[in-house]
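Overview (structure and organization)
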Amino acid sequence: MDGIPKGAGFQPPAPVPRTVPPSRLEIIRTVLKNPLELWGLPSYTWPWIVTRFFGQTTIIANDPGLIRHVLVDNAANYEMSEIRQLVLRPILRDGLLTAEGPVWKRSRKAMAPVFTPRHARGFARQMREQSEQFLERYEAGTEGVVRDIAVDMTELTYAILSETLFSGGIVSEKGDFAKDVDDLLHSMGRIDPFDLLRAPKWIPRLTRLRGLGVLRKFRDLVRRTMDQRRTMIQTDREKAPDDFLTLLLELEGPDGLTPEEIEDNILTFIGAGHETTARALAWTLYCVAHSPDILDAMEQEIDTVIASGADPVEWLDQMPNVRASFEEAMRLYPPAPSINRDAIADDRYAAPNGEVVDIAKGTTVLVMPWTLHRHELYWDRPRIFDPSRFLPGEREKIGRFQYLPFGAGPRVCIGATFALQEAVIALAVLMQKYRFQTTPQTKPWPVQKLTTQPAGGLPMRITPRKP
Ligand code: HEM
C-alpha cells in the first residue's frame with residue numbers, strides 16, 4: 001500500500017495575514033463578520049503578543065511553552081473567557097462546555113467513562129452502519145449528484161451522534177432536530193457588539209433575544225426526551241438502551257447531577273458533538289479533492305483494509321493515510337479555531353530562554369489553533385495541505401502544544417477519540433463508494449462562527465467510483 005508522497009502540496013483558501021493594523025472600527029466589523037480575517041503577520045510569526053483589545057489586556061499565545069503553562073501547568077488560574085461565556089452560557093448553562101468549578105469537576109468525572117478510548121471503540125459498528133445508511137442519498141446514477149457537503153456532513157455526524165449516544169431517541173417535532181439546534185446555536189451563539197464593548201450585562205443583546213423562543217422550544221423537547229426515557233427505565237430497566245442518555249439519567253441525585261444539569265448536557269453534547277466533526281470532514285474531502293496523489297493513497301488504503309474484512313474498530317489504526325488527511329485538514333481548518341481563557345490572579349510565565357511574560361489578573365489569553373497551526377516558527381510550509389506530516393514516523397515530531405484541534409489540559413475535548421474514530425470510519429465508507437470532486441461553484445471561504453465553516457457552503461460533485 002502506498003503512503004502519501006511527502007511534499008505534495010495544495011494551498012487551500014485562507015485570509016492573507018494583515019500587514020497594516022486595522023482601525024478600531026474595522027476591528028469591530030471584522031470580529032462580528034469573521035475573526036479569522038483579523039490577524040496580522042505578527043500573529044503568525046511571533047511567539048506571543050501582548051496587546052490591548054477594547055480596554056482589555058490580551059495576550060495572543062502561540063509559544064507552545066506558554067500554551068502549556070496556561071492550559072495545563074497552571075490551568076487552575078484560568079477560567080473560560082468572559083466573552084465566550086457571554087455567548088454560550090445563556091444557551092448551554094451548566095453543560096460541560098460552559099460549567100466552571102465544582103459543577104464542571106463533578107460532571108466531567110461522571111461522564112468521562114462514556115468517552116474513554118475503550119468505550120468509544122464500542123461505537124465503531126454503529127458509526128459504520130450510520131455512514132452506510134447515509135450513502136443511500138447518493139445513489140443517483142453514474143453521472144453523480146452535486147450536493148453541499150457542508151450540510152451533508154452535518155446531517156451524517158448528527159445521525160451518528162444521535163444513534164450512538166441517544167439510541168435515536170431524541171424527541172423531535174419535525175424530524176430536523178439537528179438543523180434546529182444548529183440554527184439555535186448560530187442565532188444565539190454570536191458575539192453581540194455590546195459584548196465587545198463590555199456593556200453591562202443588564203443591557204439586552206438583541207442578537208440573543210431573538211433566539212429565546214427557539215431555546216424554550218428546545219428545552220421543552222429535551223425535557224420530553226428525558227421524561228420518555230425515565231418512564232422506560234422505571235417500567236423495564238432491561239429494555240432501556242444502555243447509552244449516554246440512560247447514564248445521564250442514572251446520575252441524577254443529590255451526589256450526582258440535577259435535572260437541569262442533565263438537560264444542559266443533552267443540549268451541550270448535541271451542540272458540541274456533531275458540528276465540529278462535520279466541519280473537519282467537509283474540509284478534508286475538499287482538500288483531498290485537490291490532491292490527486294493523496295486521494296489515490298487514501299483510496300488504495302481504504303479498499304485494501306475493507307476488502308480484508310477488518311472490523312471497523314481497527315480502521316483508525318489500519319488507515320494511517322485517512323487519519324493523516326483528517327488531522328491535516330484540522331490543522332488548516334481547526335473546527336474550534338480559538339480556545340480562550342481569562343487569568344483569575346496575577347501569573348508569570350518564564351520561557352526557557354529567560355524571557356518572561358507577566359499575565360495580570362483579568363488578562364485574556366487567546367490560544368488560537370487557527371494561528372498556531374499556521375505559524376511560521378513551528379511548521380514547514382504552513383499553508384500547504386500536506387498530510388504526510390501526520391504519518392507514523394513524522395507524527396511523533398509534532399509537539400503536543402503545537403497542534404491543538406482538541407485543546408489540552410483538564411478541559412481537553414472529552415469527545416476527541418470518539419471524533420477521530422468517527423471521522424476515519426465515515427471517510428472510509430464514503431470514499432470507498434464515491435469520489436468527491438469540486439465544481440466551478442466550489443469556492444469556500446473559511447469563516448469563524450462557532451466553528452470554522454465554509455462560507456457559501458461546499459458544493460461537490462459526487463460520482464460512484466468504478467468497482
Ligand atoms: C473534530 C471534532 C471535535 C473538535 C475539533 C473538538 C474540539 C474541542 C475543543 C478545542 C475543546 C476544548 C475547549 C476549551 O478548552 O475551551 C472541546 C471541548 C469539548 N468537546 Fe469537543 N471537539 C470535537 C468533537 C467532539 C465530540 C464528538 C464531542 C461529544 C460527543 C465533544 C464534546 C465536547 C465537550 C462536552 C467539551 C467540553 C469539555 C470540558 O470542558 O470538560 N467534542 N472540544
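Residue numbering note: each chain is counted from 1, following its sequence as written. Selection of residues for local features in this predicted model requires a pLDDT of at least 70, selection of side-chain atom pairs for listing and counting requires 80 or more, and totals for whole chains, interfaces and linings are taken over all residues. Here the side-chain values reflect all heavy atoms present in the structure, with hydrogen atoms and water set aside.

As annotated in an unreviewed UniProt entry, the protein carries the name Cytochrome P450 and is attributed to Rhizobium wuzhouense.

What counts as a helix is a DSSP run of H or I of at least four residues, what counts as a strand is a run of E of at least two, and both are numbered from the N terminus. On a plain count of helices and strands, the protein comes out with 19 helices and 12 strands. Taking all 467 residues of the protein together, the buried fraction comes to 56%. The contact criterion used is simple: two residues touch if any of their non-hydrogen atoms lie within 4.5 Å. Long-range contacts, defined as pairs at least 24 residues apart, comprise 74% of the intrachain contacts of the protein with a sequence gap of at least 6. In short, Shrake-Rupley with a 1.4 Å probe defines the accessible areas, and a residue's cover is counted only from the protein chains shown. Entry remark: accessible area of the protein is about 20,400 Å², with carbon and sulfur atoms responsible for 55%. Note on classification: 1.4 Å probe, protein chains only; a residue is buried when its accessible area is under 20% of the maximum for its type, exposed when over 50%, partly exposed between these limits.

Bringing the coordination of the iron atom of the ligand into the picture now. Nitrogen, oxygen and sulfur within 2.8 Å of a metal are treated as its donors, or within 3.2 Å for sodium, potassium and calcium (Na, K, Ca); water is not counted, so a site can appear incomplete. Counting protein donors to the iron atom of the ligand gives just one, Cys-413 (SG), placed at 2.3 Å. Within the secondary structure layout, Cys-413 lies in the loop between helix 18 (369-372) and helix 19 (416-433).

This part takes up the site of the ligand. We call a residue near a molecule or strand as soon as one heavy atom of that residue lies within 4 Å of the molecule or strand. In the region of the ligand, 27 residues are neighbours, and Trp-104, Arg-108, Arg-341, Arg-411 and Cys-413 sit closest. With respect to the ligand, the side chain of Arg-84 contributes an N or O atom lying 2.9 Å from an oxygen atom. A 3.5 Å cut-off defines polar contacts: any pair of N or O atoms within that distance qualifies, except that in protein one atom must be a possible hydrogen donor and the other a possible acceptor, and neighbouring residues in sequence count only when both atoms are side-chain atoms. Backbone polar atom of Ala-272 to a nitrogen atom of the ligand: 3.4 Å apart, as the coordinates give it. Taken together, the elements giving at least two residues each to the shell around the ligand come down to helix 5 (101-111), helix 14 (259-289), strand 5 (339-343) and helix 19. Broken down by element, the residue count for the shell around the ligand peaks at 5 residues, all from helix 14. Of the residues in the shell around the ligand, the class split is 18 nonpolar, 5 polar and 4 charged. Residue polarity is assigned by list, with Asp, Glu, Lys and Arg as charged and Ala, Val, Leu, Ile, Met, Phe, Trp, Tyr, Cys and Pro as nonpolar; anything else, Gly included, falls into the polar class.

This paragraph deals with the pattern of salt bridges. By definition, a salt bridge exists where a carboxyl oxygen of Asp or Glu is found within 4 Å of a side-chain nitrogen of Lys or Arg. Applying the stated rule across the entire model yields 33 salt bridges. One salt bridge in this structure joins Asp-73 and Arg-68, with 3.0 Å as the shortest N-O distance. Here Asp-73 falls in the partly exposed class, since its relative accessible area comes to 48%. Two residues, Arg-128 and Glu-132, come together in a salt bridge whose shortest N-O distance is 3.0 Å. Of the two residues, Arg-128 and Glu-132 are both situated in helix 7 (residues 124-135); the distance of 4 residues between them amounts to about one turn of the helix. According to the relative accessible area criterion, Glu-132 is partly exposed, its value standing at 37%.

For the rest of this paragraph, the subject is unusual backbone geometry. Positioned with a positive phi, Ser-167 is a non-glycine residue whose angle comes to about 50 degrees. When you line up the elements, Ser-167 lands in the loop between helix 8 (149-166) and helix 9 (177-188). The exposure class assigned to Ser-167 is partly exposed, which follows from its relative accessible area of 30%. Its identity as a non-glycine residue notwithstanding, Arg-381 has a phi of 45 degrees, on the positive side. Here Arg-381 shows up in the loop between helix 18 and helix 19. Classification of Arg-381 by relative accessible area gives partly exposed; the value is 37%.

What follows concerns the pairing of strand 8 (residues 364-367). Of the two faces of strand 8, both are covered, the one formed by Thr-364 and Leu-366 as well as the one formed by Val-365 and Val-367. In this scheme, strands are said to pair when DSSP sees at least two bridges between them. Of the pairings in the sheet, the one linking strand 2 (residues 56-61) to strand 8 comprises 4 bridges and is parallel in character. From the neighbouring strand, Ile-60 faces strand 8, where its bridge partner is Leu-366. In terms of strand pairing, strand 5 meets strand 8 through 4 bridges, oriented antiparallel. Each residue of the ladder has a partner; that of Arg-341, found in strand 8, is Val-365.

What follows deals with helix 12 (residues 212-235). Multiplying 1.5 Å by the residue count of a helix minus one yields the expected span of that helix. Here helix 12 is 24 residues long and its end C-alpha atoms lie 35 Å apart, about the 34 Å a rise of 1.5 Å per residue gives. Within helix 12, the full set of buried residues consists of Leu-215, Phe-218, Arg-219, Leu-221, Val-222, Thr-225, Met-226, Arg-229 and Ile-233.

This part is about the nonpolar core. Grouped burial of nonpolar side chains is what soluble globular proteins tend to show. The biggest cluster of nonpolar side chains holds 133 residues, and the ones touching the most others in it are Tyr-138, Met-153, Leu-165 and Trp-315. When residues of this core are assigned to their parent elements, the largest contribution, 14 residues, is made by helix 14. Nonpolar cores are built from buried Ala, Val, Leu, Ile, Met, Phe, Trp, Tyr and Cys residues. Side-chain atoms within 4.5 Å join them into one set.

Below, the discussion takes up the side chain of Arg-229. Secondary-structure assignment places Arg-229 in helix 12. If we ignore the near neighbours within four places in the chain, the residues touching Arg-229 are Phe-166, Ser-167, Pro-241, Asp-243, Leu-245, Thr-246 and Leu-249.

With that settled, consider the packing of helix 12 against helix 14. With their axes 10 Å apart at the nearest point, helix 12 and helix 14 run at an angle of 110 degrees to one another. By the angle between their directions, the pair helix 12 and helix 14 is classed as roughly perpendicular. Of the two possible hands of crossing, helix 12 and helix 14 adopt the one that is right-handed. Between helix 12 and helix 14, the contacting residues are Leu-215, Arg-219, Val-222, Arg-223, Met-226 and Arg-230 on the first element and Pro-259, Ile-262, Glu-263, Asp-264, Ile-266 and Leu-267 on the second. Residues that form the contact of helix 12 with helix 14 fall into these classes: 7 nonpolar, no polar and 5 charged. Lines fitted to the C-alpha atoms define the axes, with helices restricted to the stretch that makes contact. Angles between their N-to-C directions range from 0 to 180 degrees. For classification purposes, an angle smaller than 35 degrees is called roughly parallel, one larger than 145 roughly antiparallel, one from 65 to 115 roughly perpendicular, and anything else oblique. A crossing counts as left-handed when the near helix is turned anticlockwise from the far one by less than a right angle, and as right-handed when that turn is clockwise.

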